[in-house]
Amino acid sequence: MAEITAALVKELRERTNAGMMDCKKALMANDGNMDAAIDWLREKGLAQAAKKASRIAAEGAVVQYIEGNVGVVVEVNCETDFVANTDNFRAFANSVAKHIAKANPADLEALLPQQFVDDPSKTISDMISDATVAIGEKISVRRFARYETEGAVSSYIHMGGKVGVLVEIATNAADNAQVQDFAHDVCLQIAAAKPEAVRREEVDSANLEKEREIYRVKALESGKPEKIVDKIVDGQIEKYYKEVCLLDQQFVKDGDKTIKGLMAEVAKAAGCTLDIVRYARFERGEGIEKRKDDLAAEVASMTKG
């Protein structure tokens, strides 16, 4: 029998997008013959994932998993909102979130070849291929955030997975009910107000300079004297900070408070230290260009000639 090398398995996987274990089985069943192995996979329906690889998966869901001081938010995509709402898709997405929490992959590239924590016979990449075949649509894990802290983590999923937020809070009273409520409110704030940074010093310098230049040009074009333009720009930048910095934003539940003010209030009431370390906000399909089918153009092209 021919030797089934890792390189051979890898090549078959790349050609069919089937799971690694399935590729190995196919090669073993066909004495290492690549073409026969491909036919074997196709006959068993295991190469179907390859046909879906070029499709656009912009639907899906953002899901979360929290256990103790570890929190995860992950975006898993499919092609239609119908599939996104099925039990099979949700179970798959939740399994991936749990795996990330347990296995702590460094990034997406490190995640895919990891053995699944609940079934070491399969990698996450295998699971994606299996889900693609079983569900009948292209399935992909797009991005994730994982926070592990001595403080508190909190998450919020909006509209069944359209938006997901994960927040890390530095505190010496992680189990305090007031702290937990504050962390949840911060999640709601981020979901609704879309901040770009936690604090001012974290705002992207390029964006800041771009805004400053826009305000300067507007002020000059409006006829404002050169000597007061800098003050006008500084005032506009102050407003900009209040829009994009989480700590400076008005609290969505009470416009008389900023998030920074709310944090100080809760810390005093709970008698603890409190700070917002970082957050992740994922919006399903954000930045993915969805395919727009032009039925009229398609029909016209088919009837040409």
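To be clear, the structure that these remarks concern was listed above.
Residues numbered from 1 in each chain as written. Predicted model: local features only at pLDDT ≥ 70, side-chain atom pairs only at ≥ 80, totals over all residues. Heavy atoms only, no water.

**Description of the pattern of salt bridges**
Moving on, step 1. Counted under the stated rule, the structure contains 22 salt bridges.
Moving on, step 2. In this structure, Lys122 and Asp130 form a salt bridge, with 2.9 Å as the shortest nitrogen-oxygen distance.
Moving on, step 3. The salt bridge partner of Arg281 is Glu283, with a shortest N-O separation of 3.1 Å. Of the two residues, Arg281 and Glu283, neither departs from the other in class, the shared state being buried. (Salt bridge = Lys/Arg side-chain N within 4 Å of Asp/Glu carboxyl O. Buried < 20%, exposed > 50% of the residue type's maximum accessible area, 1.4 Å probe, protein only.)

**So, the nonpolar core**
Moving on, step 1. In terms of nonpolar packing, the biggest core is built from 30 residues, with Val167, Ile169, Phe182, Leu274 and Ile276 touching the most fellow members.
Moving on, step 2. At the level of elements, β6 (152-158), β7 (163-171), α9 (177-193), α12 (259-270) and β10 (274-283) are the ones that each hand at least two residues to this core.
Moving on, step 3. Broken down by element, this core gets its largest block of residues, eight residues, from α9.
Moving on, step 4. Each residue touching Phe182, except ones within four places of it in the same chain, is listed here: Ile169, Ile259, Leu262, Met263, Val266, Leu274 and Ile276.
Moving on, step 5. Of all hydrophobic cores here, the second largest spans 26 residues; its members include Val72, Val83, Ala101 and Phe144. (Core = buried A, V, L, I, M, F, W, Y, C linked by side-chain atoms within 4.5 Å. Helix = DSSP H or I, 4+ residues; strand = E, 2+ residues; numbered from the N terminus. Contact = heavy atoms within 4.5 Å.)

**Points about unusual backbone geometry**
Moving on, step 1. One non-glycine residue, Asp31, lies in positive phi territory at about 55°.
Moving on, step 2. Here Asp31 shows up in the loop between α2 (20-29) and α3 (34-43).
Moving on, step 3. In this model, Lys194 sits at a positive phi of 50°, which is unusual for a non-glycine residue.
Moving on, step 4. Relative to the elements of secondary structure, Lys194 occurs in the loop between α9 and α10 (205-221).

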